[in-house]
Amino acid sequence: MSSNHLHIGGIDSIELIEKYGTPLFVYDVQKIRENARAFVRTFEESGIPFQVAYASKAFSSVAMLQVAKQEKLSLDVVSQGELHTALEAGFPVEKIHMHGNNKSEDELRMAIECGIGCIVVDNFHEISLLEALVEELDTTVQVLLRVTPGIEAHTHDYILTGQEDSKFGFDLNSNQADKALKRLLNLPRFRVLGIHSHIGSQIFETTGFEMAIKKLFQLLIHWKHQYQYDAEVVNLGGGFGIKYTESDQPLPLNQYVVTLTECVKAEAQRLSLSIPEIWIEPGRSIVGDAGITLYTIGSLKEVENVRKYVSVDGGMTDNIRPALYQAKYQAVVANKINDPLIEEVSIAGKCCESGDMLIWDLKTPAIESGDFLAVFSTGAYGYAMASHYNRFPKAAVVFVENGKDQLVVKREKYTDLTRFDLSYE
Ligand SMILES: Cc1ncc(COP(=O)(O)O)c(C=O)c1O
Ligand SMILES: N[C@@H](CCCC[NH3+])C(=O)O
């Protein structure tokens, strides 16, 4: 173990590189557990019945979902593939919630047939599909109604979801949500558990959540008076921000829950409504800061008086976020963590795209080819959004915990890339 090497979960990152190669995603499992427990513990302290559903879109793999299961979380899936992964992981199906703005009949059938806990209904087309399916399968289904509360959270436009002009959910202002509820209440095979709203992702302030809660409670009191309908569940979605760089100032995770539960209690009291069960769906805030990506540094190019490009053996294929959202990341040279920072470089990926840049203007020690770069907080929407662009095989994923490392997703081989190709001679 060298003191000049980055250690992750008590393990020397360079030893991990020697063992598994690069690019490599490494997750500190203890950190995942701490994040999950911060949410769960704070809910327990609030006295409000709750579910913390891990949004598996942030990082879905069998091992990850097994950790979520061990932490007694529920699960949010948005596709048949995510549901399949959950079932492979042995995740309790009654604790799985299914999302999606365009769920196919096949997806809905699979969800109902496996006994999913609840389907978050997004639109009228889906209600029709579900209606036919529950008749055909002679069964019942529990649903939440996803509404768009008309809140503009302060985050990147592409990760906003709660505004009126959105592809997700039933709009509150045009009475779509009322129409959907009325329709569902007339369908005896449907049990409407309550409502769902998700205002966006990577949100630091609690104001947006509080505004959403107020809007949702206005809806609940209206529904109570108008349709004698009492919601059992209010799902407030995910979106809790994490620290990527020094300029990010997220709240401690428990603080989000304290604010949400206090606001719920106050609204329920003000409107004389009983306190519903509160569900949340954090993804990024459970796995984001638990993941680090390790790369090998290859070519170096100096554009005189402009910048120095340092290229790594991954890039937009394992982390599309800088290209997609101008996301910023912090990184260190993993084999020189105590060396003085004397250079300023920009980290380029390996793809044939000028936009494949991971970090601009990073302060580093003197860099040489063969050094290793560790990019922090890549645990969410990194591997999950990985692609095969330029036919790069997907990276491997390793979990570290209690001083031990374990491969949990194998590195793809070149033969995996042509596995589905058929010849045309
Ligand atoms: C409906 C829903 N729930 C939960 C999440 C998870 O969000 P985050 O990873 O920001 O917590 C998302 C993604 O933004 C989402 O669309
Ligand atoms: N994928 C996005 C967040 C949106 C995900 C879910 N609605 C990100 O990397 O930040």
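Residues numbered from 1 in each chain as written. Chains lettered and ligands numbered in written order. Predicted model: local features only at pLDDT ≥ 70, side-chain atom pairs only at ≥ 80, totals over all residues.

### Describing the overall build of the chain
Alright, step 1. When helices and strands are tallied, the chain shows twelve helices and 20 strands.
Alright, step 2. Relative to the 2.2 N^0.38 estimate, which gives 22 Å for 425 residues, the radius of gyration of the chain is 23 Å and therefore close to what a compact globule would have.
Alright, step 3. By its C-alpha atoms, the chain is 70 × 60 × 40 Å across when sized along the principal axes.
Alright, step 4. A total of 425 residues make up the chain; the buried ones form 48% of that total.
Alright, step 5. Long-range contacts, defined here as pairs at least 24 residues apart, represent 68% of the contacts in the chain between residues at least 6 apart. (Helix = DSSP H or I, 4+ residues; strand = E, 2+ residues; numbered from the N terminus. Rg over C-alpha atoms; globule rule 2.2 N^0.38 Å. Buried ≥ 20, exposed ≤ 12 C-beta atoms within 10 Å, placed from the backbone. Contact = placed C-beta atoms within 7 Å.)

### Let's talk about the nonpolar core
Alright, step 1. In this structure, Leu145 and Leu373 are the most contacted members of the largest nonpolar core, which totals 116 residues.
Alright, step 2. Per element, the largest residue contribution to this core is eight residues, and it comes from helix α8 (residues 207-227).
Alright, step 3. Counting contributing residues per domain, this core is built from domain 1 (7-26 + 289-417) and domain 2 (29-286), each supplying no fewer than three.
Alright, step 4. Leave out the neighbours within four places in its chain, and Leu145 touches Val121, Phe170, Ala177, Ala180, Leu181, Val192, Ile195 and His196. (Core = buried A, V, L, I, M, F, W, Y, C linked by C-beta atoms within 7 Å. Domains from an automatic or database assignment.)

### Comments concerning the pairing of strand β7 (residues 118-121)
Each regular strand carries side chains that alternate between the two faces of the sheet.
Alright, step 1. On β7, burial covers both faces: Cys118 and Val120 on one face and Ile119 and Val121 on the other are all buried.
Alright, step 2. As defined by bridge partners, strand β6 (residues 96-98) adjoins β7 across two bridges and the pair is classed as parallel. When the bridges of β7 are listed, His97 appears paired with Cys118.
Alright, step 3. Taken together, β6, helix α5 (residues 105-114) and β7 form a β-α-β motif whose crossover is right-handed.
Alright, step 4. Pairing between β7 and strand β8 (residues 141-148): three bridges, direction parallel. (Pairing = 2+ DSSP bridges. Right-handed = clockwise from strand over helix to strand, strands pointing away.)

### Re the domain arrangement of the chain
Alright, step 1. Domains assigned within the chain are domain 1 (7-26 + 289-417) and domain 2 (29-286).
Alright, step 2. Contact residues are listed per partner, giving 21 residues for domain 1 and 20 residues for domain 2.
Alright, step 3. Mapped onto the side of domain 1 that touches domain 2, the elements with two or more residues apiece are α11 (321-325), β19 (396-401) and β20 (404-409).
Alright, step 4. Considering each element in turn, the side of domain 1 that touches domain 2 owes the most residues, four residues, to β19.

### Description of the UniProt feature "modified residue: N6-(pyridoxal phosphate)lysine" (unreviewed entry) in the chain
Alright, step 1. As annotated by UniProt and renumbered to match this structure, "modified residue: N6-(pyridoxal phosphate)lysine" (unreviewed entry) occupies Lys57.
Alright, step 2. Position of Lys57 relative to the elements: it lies in the loop between β4 (50-55) and α3 (62-70).
Alright, step 3. Here Lys57 falls in the buried class, since 20 other C-beta atoms lie within 10 Å of it.
Alright, step 4. Setting aside residues no more than four positions away along its own chain, Lys57 makes contact with Val78, Glu82, Gly283 and Ala384. (UniProt positions renumbered as here; feature names shortened; annotations may be inferred.)

### Brief notes about the site of ligand 1
Alright, step 1. The immediate surroundings of ligand 1 are formed by 17 residues, with Ala55, Ser201, Gly238, Gly283 and Arg284 found nearest.
Alright, step 2. Class assignment of the residues belonging to the shell around ligand 1 gives a composition of five nonpolar, nine polar and three charged. (Near = placed C-beta within 6 Å. Nonpolar A, V, L, I, M, F, W, Y, C, P; charged D, E, K, R; others polar.)

### Considerations on the environment of Val78
Alright, step 1. Counting through the fold element by element, Val78 comes out in the loop between β5 (74-77) and α4 (80-88).
Alright, step 2. Considering only alpha carbons, one finds Val78 and Val120, 42 residues apart in sequence, at a separation of 9.6 Å.
Alright, step 3. Ignoring sequence-local partners within four residues, the contact set of Val78 consists of Lys57, His99 and Gly100.

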